[in-house]
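The primary structure of each chain is shown beneath.
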Amino acid sequence: MAVGEPLIELHGVNKHFGALHVLRDIDLTVGRGEVVVVIGPSGGGKSTLIRTINRLETVQSGSIVVDGRPLPDEGKELARLRAEVGMVFQSFNLFGHRTVVANVMLGQTKVRRRGKQDAERRALDLLDRVGLADQAGKFPAQLSGGQQQRVAIARALAMDPQVMLFDEPTSALDPEMINEVLEVMRRLAEEGMTMVVVTHEMGFARSAANRVVFMADGRIVEDRPPEEFFRAPESERAKDFLSKILKH
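Under an unreviewed UniProt entry, the protein has the name ABC-type polar-amino-acid transporter and belongs to Streptomyces violaceusniger.

Structure representation (structure tokens):
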């Protein structure tokens, strides 16, 4: 998969929560069509990093550019930019009082201003893509966690984003549901979707990523192709991390 020009660029990004310095001089570039998986110990800044890309978290210094444009502070410009950046969270954040198909239609009609019929057609098409066409009329509470997360992915895709951000999308799921979500993500990666994924799923990092970014203590410690990183991590932090999670 050829990687195109930079789509996301972070330069010298710093973020503090009070006295806690959670992102330290982060430089990261993600090319169009690239899949970057961010891994590392808890509290290392991974989720904060991904949340700065669509300004769910503000930063104290540094610059963040998406598709050649600096992140706007707020207002309509920010809403427009967020439509280009799909986000899937650990919790599914679906509207419980709306059907599955209505959840996937909502952003299309409200933000993209699509007509109802167009939005419904697109929603049903995407539900089919994530294997849930037969669940369109149900409510979120009637679905399993894995199904709800796949609806959340369809909802993000319905906005035709240029990049998809995933913040630990499988960590709230039962083990048997994890693969059904990762499978959808793998297919997206194969189709050329630009993705930044924070995950504990090392198998996904190995098989789907163009690059693995290893973070610890608010810094990017390593940024390398997965086969190199997993075979021979360069830093002691990464060696230590991998020895704990990869059970030989």
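Now that the structure has been shown, the text picks up again.
Visitor: Would you mind going over a positive patch on the surface in detail, with residue names and values included?
Guide: On the surface, Lys76, Arg98, Lys110 and Arg113 cluster together to form a positively charged patch. Considering the arrangement of structural elements, one finds Arg98 in the loop between β6 (85–88) and α3 (100–110).

Visitor: Which residues make up the packing of aromatic side chains, and what are the values?
Guide: In total, this model carries three aromatic pairs according to the counting rule given. Arranged with centres 5.3 Å apart and planes meeting at 80 degrees, the rings of Phe229 and Phe230 form a pair that is edge-to-face. Accessibility assignment for this pair places Phe229 and Phe230 in one class, buried.

Visitor: Any chance you could break down the pairing of strand β8 (residues 194–198) for me, citing the residues and the numbers?
Guide: Counting buried residues in β8 gives five out of five residues, a clear majority hidden from the surface. Burial along β8 is two-sided: the residues Thr194, Val196 and Val198 and Met195 and Val197 are all buried. As defined by bridge partners, strand β3 (residues 35–39) adjoins β8 across four bridges and the pair is classed as parallel. Bridged to Val36 within β8 is Val196.

Visitor: Now, about the sheet that holds β3: what can you tell me, with residues and values included?
Guide: Two modes of strand pairing occur in sheets, parallel and antiparallel, and in both the strands are linked by backbone hydrogen bonds. Taken in spatial order, the six strands of this open sheet run β6-β7-β8-β3-β9-β10, and their pairing is mixed. Of all strands in the sheet, those bounded by a partner on one side alone are β6 and β10 (219–224). Sheet twist, expressed as the average angle between the axes of neighbouring strands with direction ignored, equals 15 degrees. One ladder, built from five bridges, connects strand β7 (residues 163–167) with β8; its direction is parallel. Residue pairing across strands places Phe166 opposite Val197, the latter belonging to β8. In this fold helix α6 (residues 175–190) packs onto β3, β7 and β8, with an angle of close to 145 degrees to the strand it touches most, β8.

Visitor: Talk me through the nonpolar core; I want residue IDs and the actual numbers.
Guide: Looking at soluble globular proteins, one finds that nonpolar side chains tend to be buried together. Residues Ile153 and Met195 are the most contacted members of the largest nonpolar core, which totals 53 residues. Looking at this core element by element, the count peaks at eight residues for α6. Ignoring anything within four residues of it in the chain, the contact list for Ile153 reads Val88, Met164, Phe166, Val181, Val184, Met185 and Leu188.

Here is what the cut-offs are and how they apply
- Residues numbered from 1 in each chain as written.
- Predicted model: local features only at pLDDT ≥ 70, side-chain atom pairs only at ≥ 80, totals over all residues.
- Heavy atoms only, no water.
- Patch = residues over 30% accessible without salt bridge, like charges linked within 9 Å, V, L, I, M, F, W, Y side chains within 5 Å.
- Areas by Shrake-Rupley, 256 points an atom, 1.4 Å probe, with all protein chains shown as cover.
- Salt bridge = Lys/Arg side-chain N within 4 Å of Asp/Glu carboxyl O.
- Lys, Arg positive; Asp, Glu negative; His and termini not counted.
- Charge placed at Lys NZ, Arg CZ, Asp CG, Glu CD.
- Helix = DSSP H or I, 4+ residues; strand = E, 2+ residues; numbered from the N terminus.
- Phe/Tyr/Trp six-rings, centres within 6.5 Å; stacked < 30°, edge-to-face > 60°.
- Buried < 20%, exposed > 50% of the residue type's maximum accessible area, 1.4 Å probe, protein only.
- Pairing = 2+ DSSP bridges.
- Axes fitted to C-alpha atoms, helices over the stretch in contact; angles between N-to-C directions.
- Contact = heavy atoms within 4.5 Å.
- Core = buried A, V, L, I, M, F, W, Y, C linked by side-chain atoms within 4.5 Å.

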